[in-house]
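# What the coordinates show
Single-letter residue listing:
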Amino acid sequence: MYSAVDHQWMGEALGEAQKALYLANPNPRVGCVIVKDGQVIGRGHTQRVGGAHAEIQAIADAKANGKDIAGSTIYVTLEPCSHTGRTPPCVNALVVARPAKVIVSMLDPNPLVSGGGLARLTDAGIEVQCGLLESEAQAINRGFISRMTRGLPWVRMKIAASLDGKTALPNGQSQWITGPLARADGHHWRAQACAIVTGVGTVKEDDPSLNVREVSTHRQPWRIIVDSKLETPPNAQILNDLQDSGVIIVCAALDDVDKVAKAKQFQKRGIEVIAFANPQGKVDLPKLFTYLAQEREMNEIHIESGFKLNGSMLREGCVDELLLYYAPFFMGEGIGMANVPTLPNLSTREDWRILDQSMIGTDLRIRLIKN
């Protein structure tokens, strides 16, 4: 159905989509190339929220190059939108441009589109094909797909550990287990996320900033602190630089005068405080992630927390992907990766599937998803 040339051009469109990794949230990362007479005459990718979508960028690029789009083939990694959101429907601009054919990697999982864009193109007499390099397009947009189909963000947990699975010495010292290249790679994954989640224990012990510093990005993710008892120190570094991104502190309940007063002090500084309690008086993690997806339009969440919160996230089934960095040494006694219960027998285990593994400097990075 698709030629080698089609694969080549869609590969270029996927390359354009990669340029939107740090940029597009909460929109999907989409790339587009317009080909005519064997040459790319326009290319584009999704801009920051409220800005142009990939197809509009590519059309503008072609026009800026003095090219006529009529009769061309347009390769786009996601079905063109057919509804009015923050911007007009892209499919209208494609119909006006009059390409001969539009080849799409995947249908839009957004129920407001979901085939409507392709139907509109077909009705306008434009040949449409869908499914070229679909799995590659889906991998770029795991978070958007998750939010649209499950009402949940895609949650990635990052852990740096020694070969024997220790994340810190018994006294809590953890800086630095992995080398500088692995730490920089971790910032690449931070930059893709809509929010970085940590626990109050990590805030109190390590005082991290949890912003993106090692890669260039036009936007900073939100920072979220899971803090059941509202114990976040007011001078914590994570609460700084609010002009670059927001901070949310999630407690279990605002159920006494002291907590209410402390919450008001945070709120005066522009720090949000919200409460989601579970029956045990802790933060209701599944409810938090549902809220982040459905109320805050967050696609991907990146977790960098300690032994206790990691365990809670895993026990409550909140984690979709593990991002593990193993440093080449044994620590011996120390703090483990996650506080999870001992299996009664091996048949009750939950297996994870390895997506990929790479050497990052001297450290081994392994990515896994639930089987």
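Owing to the predicted nature of the structure, the values given are computational and were not obtained by experimental measurement.

A few words on the overall build of the protein chain. The secondary structure content of the protein chain amounts to 11 helices and 14 strands. At 23 Å, the protein chain has a C-alpha radius of gyration in line with the 21 Å of a compact globule built from 371 residues. Within the span of the protein chain, comprising 371 residues, buried residues form 52% of the whole. Counting only contacts in the protein chain whose residues sit at least 6 apart along the sequence, the fraction spanning at least 24 positions is 73%. Here the protein chain has roughly 16800 Å² of accessible surface; of this, 50% comes from carbon and sulfur atoms.

Here the UniProt feature "binding site: NADP(+)" (unreviewed entry) sits at Ala-160, Trp-176, Thr-202, Ser-228, Gly-306, Phe-307, Lys-308, Leu-309, Asn-310, Gly-311 and Ser-312. Separation in sequence by 153 residues is matched in space for these annotated residues, since their most distant C-alpha atoms are 27.7 Å apart. For Ala-160, the position within the fold is in strand β6 (residues 154–161). Contact partners of Ala-160, with chain neighbours within four places excluded, come to Lys-166, Thr-167, Ile-177, Thr-178 and Tyr-325. Structurally, Lys-308 can be placed in helix α11 (residues 307–315).

Right, let's talk about the packing of helix α3 (residues 90–97) against helix α4 (residues 116–123) for a bit. The interhelical angle for the contact between α3 and α4, taken along N-to-C directions, is 20°, at an axis separation of 10 Å. Considering their axes alone, α3 and α4 lie roughly parallel with respect to each other. The chirality of how α3 crosses α4 is right-handed. Together, Val-91, Asn-92, Leu-94 and Val-95 of α3 and Gly-117, Arg-120 and Leu-121 of α4 make up the contact between the two elements. Its residues assigned to classes, the contact of α3 with α4 shows four nonpolar, two polar and one charged.

This part covers the side chain of Arg-219. Secondary-structure assignment places Arg-219 in the loop between α8 (200–206) and β8 (222–226). For the buried Arg-219, no salt bridge is present, and the opposite-charge side chain at shortest range is Glu-300, 8.4 Å distant. At a separation of 3.0 Å, a polar atom in the side chain of Arg-219 contacts the main-chain carbonyl oxygen of Ala-191. Leave out the neighbours within four places in its chain, and Arg-219 touches Tyr-22, Leu-23, Asn-25, Arg-48, Ala-191, Gln-192, Ala-193 and Cys-194.

Here, UniProt's "binding site: substrate" (unreviewed entry) annotation points to Ser-174, Arg-190, Asp-206, Leu-210, Arg-213 and Glu-304. Mapped onto the elements of the fold, Arg-190 is located in helix α7 (residues 180–192). Arg-190 sits in the buried class, given a relative accessible area of 8%. Sequence-distant contacts of Arg-190, defined by excluding residues within four places in its chain, comprise Ile-196, Leu-210, Asn-211, Val-212, Arg-213, Pro-221, His-302 and Glu-304. Residues within four places of Asp-206 in sequence aside, it is in contact with Gly-172, Ser-174 and Gln-175.

Calculation rules
Residues numbered from 1 in each chain as written. Predicted model: local features only at pLDDT ≥ 70, side-chain atom pairs only at ≥ 80, totals over all residues. Heavy atoms only, no water. Helix = DSSP H or I, 4+ residues; strand = E, 2+ residues; numbered from the N terminus. Rg over C-alpha atoms; globule rule 2.2 N^0.38 Å. Buried < 20%, exposed > 50% of the residue type's maximum accessible area, 1.4 Å probe, protein only. Contact = heavy atoms within 4.5 Å. Areas by Shrake-Rupley, 256 points an atom, 1.4 Å probe, with all protein chains shown as cover. UniProt positions renumbered as here; feature names shortened; annotations may be inferred. Axes fitted to C-alpha atoms, helices over the stretch in contact; angles between N-to-C directions. Parallel < 35°, antiparallel > 145°, perpendicular 65-115°, else oblique. Left-handed = near helix turned anticlockwise from the far one by under 90°. Nonpolar A, V, L, I, M, F, W, Y, C, P; charged D, E, K, R; others polar. Lys, Arg positive; Asp, Glu negative; His and termini not counted. Salt bridge = Lys/Arg side-chain N within 4 Å of Asp/Glu carboxyl O. Polar contact = N/O pair within 3.5 Å; in protein donor to acceptor, adjacent residues only side chain to side chain.

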